[in-house]
Amino acid sequence: MVYSTMGRNDYENSMIVAIDGPAGSGKSTTSRRVADRLGFLYLDTGAMYRAATLAVLSDSANLKDDEGIGASAESMEIDFDRSGCRIFLNGLDVSRDIRSQEVTDAVSTVSAFAIVRERMVDLQRKIAGNRDAVVEGRDIGTVVFPNANCKFFIVADVTERAKRRKKDLAELGIELTVEQIVEDLKRRDKLDSSRPISPLQRADDAVEIDTTDMTMDEQVDLIVTNVRERLDRKEMKKSSD
Ligand code: DC
């Protein structure tokens, strides 16, 4: 596989769909299904920050200690399976462990460290650069792929987001109340939006979608239609050049 080493590719022969938004906005399911419909690679960058957090926690490094976090970030190996749904940390499948409460509590802190972000952004560009990919996260349209062909920013009312997350967590055997999840989402929204490096924010050229009253099928259809229109325009431009 040929990896791009730049922060963006020229998108002559590939297409990046950036999907950003706060926790629980429905990004993951939407992005996975959009990637599936389009036959694109799916990259869940939140899972990468969660795996990095797990690495830091298992190294028992002090969460506030730059050196400890730097050492963990330098040495960790993160991989995905072909579907992009299973994630491996140093060769071990940690897809379930990264959803634990311990990781969720620490992930916003760990992902605010510059050394962690540098390593993750580099890896994200290597995995998705020069490929047709749907990449979801917080800073994809602003920092990781600022020249992405299509950018979406997904938002939803916080109580609705908590209800959705409760369902996802229940499937993993984790039972929390909607109130507990609302508190956690608000805390993470605040940390993710206020950090100095790559805060969660909508790119100027992103299409904002409020999914509060939308079904998953509607969200997926809206994005797929939008991406297909861009693909058609790109093809037309190519053939007229
Ligand atoms: O999408 P998620 O809730 O699984 O993401 C977990 C955390 O990872 C989120 O609270 C902030 C961080 N994150 C980030 O800082 N940048 C990204 N591109 C993706 C996630």
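So, here's what we can say about the structure.

Rules used in this analysis
- Residues numbered from 1 in each chain as written.
- Predicted model: local features only at pLDDT ≥ 70, side-chain atom pairs only at ≥ 80, totals over all residues.
- Heavy atoms only, no water.
- Helix = DSSP H or I, 4+ residues; strand = E, 2+ residues; numbered from the N terminus.
- Rg over C-alpha atoms; globule rule 2.2 N^0.38 Å.
- Contact = heavy atoms within 4.5 Å.
- Areas by Shrake-Rupley, 256 points an atom, 1.4 Å probe, with all protein chains shown as cover.
- Lys, Arg positive; Asp, Glu negative; His and termini not counted.
- Charge placed at Lys NZ, Arg CZ, Asp CG, Glu CD.
- Pairing = 2+ DSSP bridges.
- Axes fitted to C-alpha atoms, helices over the stretch in contact; angles between N-to-C directions.
- Near = heavy atom within 4 Å.
- Polar contact = N/O pair within 3.5 Å; in protein donor to acceptor, adjacent residues only side chain to side chain.
- Nonpolar A, V, L, I, M, F, W, Y, C, P; charged D, E, K, R; others polar.

## A look at the overall build of the chain
Counting its regular elements, the chain contains nine helices and eight strands. The C-alpha radius of gyration computed for the chain amounts to 17 Å, which stays within 12% of the reference 18 Å derived for 241 residues, consistent with globular compactness. For the C-alpha atoms alone, the extent of the chain along its principal axes is close to 60 × 40 × 30 Å. Once local pairs closer than 6 in sequence are excluded, the contacts in the chain between residues at least 24 apart make up 77%. Surface exposure of the chain reaches about 12,000 Å², of which carbon and sulfur atoms provide 48%. Taken together, the 36 basic and 44 acidic charged side chains of the chain have centroids lying 2 Å from each other.

## Some details on the sheet that holds strand E2 (residues 41-44)
The sheet built from five strands is open, its strands ordered E2-E6-E1-E7-E8 with parallel pairing. On the outer flanks of this sheet lie E2 and strand E8 (207-210), each paired with one strand and no other. Averaged over all pairs of adjacent strands, the angle between their axes in this sheet comes to 20 degrees, without regard to strand direction. Both strand E1 (residues 16-20) and strand E6 (residues 133-137) contribute to a ladder of five bridges, which runs parallel. Residue pairing across strands places Ala18 opposite Val135, the latter belonging to E6. Against the sheet, helix H2 (residues 45-58) touches E2 and E6, its axis set at about 45 degrees to E2. Against the sheet, helix H5 (residues 114-128) engages E1, E2 and E6, with an angle of about 170 degrees to E2.

## Side note on the sheet that holds strand E4 (residues 87-89)
Spatial strand order, E3-E4-E5: three strands in an open sheet with antiparallel pairing. Only two strands of the sheet have a single partner each, and these edge strands are strand E3 (78-80) and strand E5 (92-93). When E3 meets E4, the two strands line up antiparallel, connected through three bridges. Bridged to Ile78 within E4 is Leu89. Strand contacts of H2: E3 and E4, with the helix running at about 25 degrees to E4, the strand carrying the most contacts.

## What to know about the site of the ligand
Around the ligand sit 17 residues, and of these Arg50, Arg117, Asp139, Arg188 and Arg195 come closest. Ser108 places a side-chain nitrogen or oxygen 3.4 Å from an oxygen atom of the ligand. One nitrogen or oxygen atom from the side chain of Arg195 is found 2.8 Å from an oxygen atom belonging to the ligand. Compared with its free state, where it exposes 450 Å², the ligand has 99% of that area covered by protein. For the shell around the ligand, the secondary-structure elements that each account for two or more residues are H2, helix H4 (101-110) and helix H8 (178-194). Partitioned by chemical class, the residues of the shell around the ligand number two nonpolar, five polar and ten charged.

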